[in-house]
Amino acid sequence: MDPALLREREAFKRRAMATPTVEKKAKTESSFTAPKDMKKPRPASAAPKIDATNYKTMTGSSQYRFGVLAKIVKHMRTRHQEGDDHPLTLDEILDETNQLDIGSSVKSWLQGEALRNNPKIELTPDGRYLFKSVFKIKDGKSLMRLLKQHDLKGLGGVLLDDVQESLPHCDKVLKNRASEIIFITRPNDKKKILFYNDRTANFQVDEDFQKLWRAVTVDAMDDAKIDEYLEKQGIRSMQDHGPKKPLLPKRKKLANKKRQFKKPRDNEHLADVLETYEDNTLTQSNAVQEIKQNN
């Protein structure tokens, strides 16, 4: 090893030993303890404990309110479908739904706002409540009368869901009237539609015509191609059917009138001055011509 490096190392050790150092002492923990009689401060607002006994009486939750309302509407629909069509007071409804322990604020909300504005609840003049169904039908006769009116007026069918909601004992009535009703399943949402089975429109179709009808495919043809095909076959009875194009009214041609150029009206307020000026210029020009003729 180089002796010069050894000397420098020994000199560095001597300098380090000669340099004074200060040791940092660790802080000692304070031995102060709070007296036993001092009490810890409590939080300003402590949330009340929820108890199973007073849970239903806590009226501040909107979810609880709408739960009470939903239970009432469901009960009114069920009793209507079972044939109970007499109106009830709010206390009677709460008694039948086992909700007599609701708070006064919820009860006033039901009576003044919720039940009054609900689309499925009807308020009678004497302050009682009924279930408001889609159709006013009570038995099979009223159902068939409704379907006939829809058929005559061209309104189409009636949803099975609406009939089940409106008609008491719906399954029994539909079973007894099955021969007078046509059930069609809607392809987009698979809901069933009820139509009136008009037997006067039933007729027997010849089998040869049925075979011809099924053999003709017009799925890939538009109206123009169908018209062209019928015209080639010599069939013109379809010309007056189908949607007609609206005819635009013809515009009347305006008669050619000679244009009359109007004189400018800028100096109408100087009309008198211009007339006197023109008269003076004419007399002066006439006098000049007479003088020239005399000379």
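The text that follows walks through the structure, step by step, so that each part is easy to find. Here the structure is a predicted model, which means the values were calculated and not measured.

## A few points about the overall build of the chain
Moving on, step 1. A count of helices and strands for the chain gives ten helices and five strands.
Moving on, step 2. Residues classed as buried in the chain amount to 18% of the 295 residues present.
Moving on, step 3. Split by element, the accessible area of the chain, about 26600 Å² in all, is 53% carbon and sulfur.

## Observations regarding the sheet that holds strand E3 (residues 158-159)
Either a parallel or an antiparallel arrangement is found when strands of a sheet pair, and the pairing is made through backbone hydrogen bonds.
Moving on, step 1. The sheet built from three strands is open, its strands ordered E3-E5-E4 with antiparallel pairing. What marks the edges here is a single partner per strand, and that holds for E3 and strand E4 (181-185).
Moving on, step 2. The sheet strands contacting helix H5 (residues 140-152) are E3, E4 and strand E5 (192-196), and the helix crosses E5 at an angle near 85 degrees.

## Points about the pattern of salt bridges
Moving on, step 1. Here the structure, examined in full by the defined rule, presents nine salt bridges.
Moving on, step 2. Put simply, Lys107 and Asp91 hold a salt bridge, and the shortest N to O gap is 2.8 Å. A residue pair is termed long-range when its members are at least 10 positions apart, and Lys107 in helix H4 (residues 104-117) and Asp91 in helix H3 (residues 90-96) qualify at 16 residues.
Moving on, step 3. Here Glu165 and Lys120 are joined by a salt bridge, their closest N and O atoms 2.7 Å apart. With Glu165 in helix H6 (residues 160-166) and Lys120 in the loop between H4 and strand E1 (121-123), the pair connects residues that are 45 residues apart, well separated along the chain.
Moving on, step 4. With relative accessibility at 13%, the residue Glu165 sits in the buried group.
Moving on, step 5. By sharing partners, the salt bridges in this structure join Arg77, Lys120 and Glu165 into a single network.

## Describing the packing of aromatic side chains
Moving on, step 1. Applying the stated criterion across every chain, the model contains two aromatic pairs.
Moving on, step 2. When the centroid spacing of 5.4 Å and the interplanar angle of 80 degrees are considered together, the rings of Phe66 and Trp109 count as edge-to-face. Residue Phe66 is located in helix H2 (residues 62-81), and its partner Trp109 is located in helix H4; the two are separated by 43 residues in the primary sequence.

## Comments concerning the side chain of His80
Moving on, step 1. Tracing the sequence through the fold places His80 in helix H2.
Moving on, step 2. Setting aside its immediate chain neighbours within four residues, His80 contacts Phe131, Ser133, Glu165, Ser166 and Pro168.

## Digging into the environment of His80
Moving on, step 1. Relative accessible area serves as the criterion here: at 13%, His80 is assigned to the buried category.
Moving on, step 2. With 51 residues separating them in the primary sequence, His80 and Phe131 have C-alpha atoms 6.6 Å apart.

## As for unusual backbone geometry
Moving on, step 1. Of note, Asn98 is a non-glycine position whose phi angle comes to about 60 degrees, a positive value.
Moving on, step 2. Inspection of the secondary structure puts Asn98 in the loop between H3 and H4.
Moving on, step 3. Although it is not a glycine, His169 sits at a positive phi angle of roughly 55 degrees.
Moving on, step 4. Secondary-structure assignment places His169 in the loop between H6 and helix H7 (170-176).
Moving on, step 5. Accessibility expressed as a relative area gives 49% for His169, which makes it partly exposed.

Cut-offs used in this document
Residues numbered from 1 in each chain as written. Predicted model: local features only at pLDDT ≥ 70, side-chain atom pairs only at ≥ 80, totals over all residues. Heavy atoms only, no water. Helix = DSSP H or I, 4+ residues; strand = E, 2+ residues; numbered from the N terminus. Buried < 20%, exposed > 50% of the residue type's maximum accessible area, 1.4 Å probe, protein only. Areas by Shrake-Rupley, 256 points an atom, 1.4 Å probe, with all protein chains shown as cover. Pairing = 2+ DSSP bridges. Contact = heavy atoms within 4.5 Å. Axes fitted to C-alpha atoms, helices over the stretch in contact; angles between N-to-C directions. Salt bridge = Lys/Arg side-chain N within 4 Å of Asp/Glu carboxyl O. Phe/Tyr/Trp six-rings, centres within 6.5 Å; stacked < 30°, edge-to-face > 60°.

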